[in-house]
Amino acid sequence: MNPDRLSGLDSSFLHMERAGAHMHVASTSIFEGPAPSHEDFRDHIAARLHLVPRFRQKLRFVPFGQGRPVWVDDPHLNLNYHVRQTALPSPGSDEQLRNLAARIFSQQLDRSKPLWELWLVEGLHDGRFAVIGKSHHALVDGVSGVDITTVLFDLEREPQNPPVRPPTWAPRPEPTDLKLLSDALHERVTSPREIARGLRAALRGPRQVLSGISDTGKMVGAGMSAPSTPFNVEIGPHRRLAFVSTDLDALKAVKNEHGGTVNDVVLSVVSGAIGNYLRARGHDTEDLEIRAMVPVSVRADEEHGALGNRISAMMAPLPVWCEDPVQRLHLVTETMGDLKGSGQAVGAEILTRIVDFAPTTIASQAARLQPAQRFFNLVVTNVPGPQFPLYVLGRQMESIFPLVPLARRQALCVGIMSYNGKVDFGLIGDYDAMADLDSFGLDLEGAIAEIAGDAAVPGRTAQRASRAETRNGALSVK
């Protein structure tokens, strides 16, 4: 197979991009000031672009849809288009930055050009500046996005070894439509051997075939029970953003006090925020569990630095009915432990491999069924970022808020990234359906403060446990 041809999973993100559901990921990074000039920032990126060669490439689509798109060198690459400069009006508030980032995030990337943009934003209050980055999901997933960040930025304020002069880049000739079509048809003729090899690698032996099908069934079956919620409505192309930050040590203290993982703590506070948000608006949350699609990276250590998507997913039930923060954490920890042992993520990975063998037209039709899916209510994605400071032209990055695309009929998404001892939450909402997204941000801050307060008070766990009883195999508060 042509190594520059999109995988089935990467290609599916192109097919899903319609009716206001943009499929690009983004981030808003805040730096200490003063801002560099646009020319210095652009030249800084240019000097490192050879380290991420996919950023010099664009997609070419196979005529008549006879194959998945192919990455080709863009002979007309213009960095002034991709690296842009803008400024906030006075006073340069955080709200103004969020509004700007939301407008940028709401615009679809031009598919005739390399699928990324970087915006240098001047004028943030306290003498700071921001960088808004945006890349199509077909190009990059969350973990490889972190890899790009560590390549484009410095690990020291003043690097001791100046960057090596980048090699001269000469774009390869762009293929003709006839070449694209003939290559795709040739691969189709020769693909049965590759399919057989891939299936043997994925499903070794009859027992693992049956196990793989069973695990996939569990994954789909678990997701099909997603209930109806106010978040699952038609969405438009416009977005709202809210940002929340907390200390990673605070979440680790909760984990150390009450058990589980940091990711369990994160899911429990998101669940608590959703519950409080719904109850404040008169929605009944008794016995309500909503489904969160939690992406899981299956990227091997040796694959870090390679672009494209290496992801699977688990459908995690969030106990929004539970108002006790510690009890809710225990429920999430138990559920996530069960899911990790159930083969859900394995089943999802098998599904994404099968997509690689689906004809393009079938994959496109399957993507159109996505708005009818009821597998999950929202996406909660937690990406571990670098736990050391990053710099650009001597300025330290203070925060990085991830922005994850909304799927159709999903008006809320929670992106989370840890960086240098902090955990930053990027909340994304449909502009109309989530007009009160800021209120949800306050609910999330409250849920974090509540569970962090419990971890800080000795003996609080025992006090709460004494007030709990078993109900239907789970804990509930009298």
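We now turn to the structure provided with this report.

Cut-offs and rules
- Residues numbered from 1 in each chain as written.
- Predicted model: local features only at pLDDT ≥ 70, side-chain atom pairs only at ≥ 80, totals over all residues.
- Heavy atoms only, no water.
- Helix = DSSP H or I, 4+ residues; strand = E, 2+ residues; numbered from the N terminus.
- Phe/Tyr/Trp six-rings, centres within 6.5 Å; stacked < 30°, edge-to-face > 60°.
- Buried < 20%, exposed > 50% of the residue type's maximum accessible area, 1.4 Å probe, protein only.
- Lys NZ or Arg CZ within 6 Å of the ring centre and 35° of its normal.
- Arc of directions from axis to C-beta.
- Polar contact = N/O pair within 3.5 Å; in protein donor to acceptor, adjacent residues only side chain to side chain.

### Section: unusual backbone geometry
Phase 1: Look at the link from Gly-33 to Pro-34: it is a cis peptide, with omega at -5°.
Phase 2: Looking at where Pro-34 falls in the secondary structure, it is placed in the loop between strand S1 (24–31) and helix H2 (38–46).
Phase 3: Omega for the peptide link from Ser-90 to Pro-91 comes to 15°, which places this bond in the cis form.
Phase 4: Take Pro-91: it is sitting in the loop between strand S4 (83–87) and helix H4 (94–105).
Phase 5: With a phi angle near 60°, Arg-409 is a residue other than glycine that sits in the positive phi range.
Phase 6: With respect to the helices, strands and loops of the structure, Arg-409 is situated in the loop between strand S12 (395–403) and strand S13 (412–419).

### Brief notes about the packing of aromatic side chains
Phase 1: Tallied over the full model, the rule gives six aromatic pairs.
Phase 2: Measuring from ring centre to ring centre gives 5.7 Å for Phe-31 and Phe-153, while their planes differ by 70°; the resulting arrangement is edge-to-face. Here the residue Phe-31 occupies a position in strand S1, and Phe-153 occupies one in the loop between helix H5 (142–152) and helix H6 (177–202), the gap between them amounting to 122 residues. Here Phe-31 matches Phe-153 in class, with each residue buried.
Phase 3: When the ring of Phe-55 is compared with that of Trp-116, the centres are 4.6 Å apart and the planes differ by 20°; the resulting orientation is stacked. Separated by 61 residues along the polypeptide, Phe-55 in the loop between H2 and strand S2 (57–60) and Trp-116 in strand S5 (residues 116–124) bring together distant segments of the chain.
Phase 4: Residue classification places Phe-55 among the buried positions, given a relative accessible area of 3%.
Phase 5: The exposure class of Trp-116 is buried, given its relative accessible area of 1%.
Phase 6: Among the aromatic side chains, those forming a connected cluster through ring pairs are Phe-31, Phe-129 and Phe-153.
Phase 7: Here Lys-113 stacks its cationic end above the ring of Tyr-81, 5.1 Å away from the centre of that ring.

### Quick notes on H2
Phase 1: Looking only at H2, the buried set comprises His-38, Phe-41, His-44 and Ile-45. Looking down the long axis of H2, one finds its buried residues gathered within 130° of arc, a one-sided arrangement.

### Describing the side chain of Asp-324
Phase 1: Position of Asp-324 among the secondary structure elements: in the loop between strand S9 (311–318) and helix H10 (325–342).
Phase 2: On the basis of relative accessible area, Asp-324 is assigned to the buried category, the value being 7%.
Phase 3: Of the polar contacts made by the side chain of Asp-324, one reaches the backbone nitrogen of Gln-327; its length is 2.9 Å.

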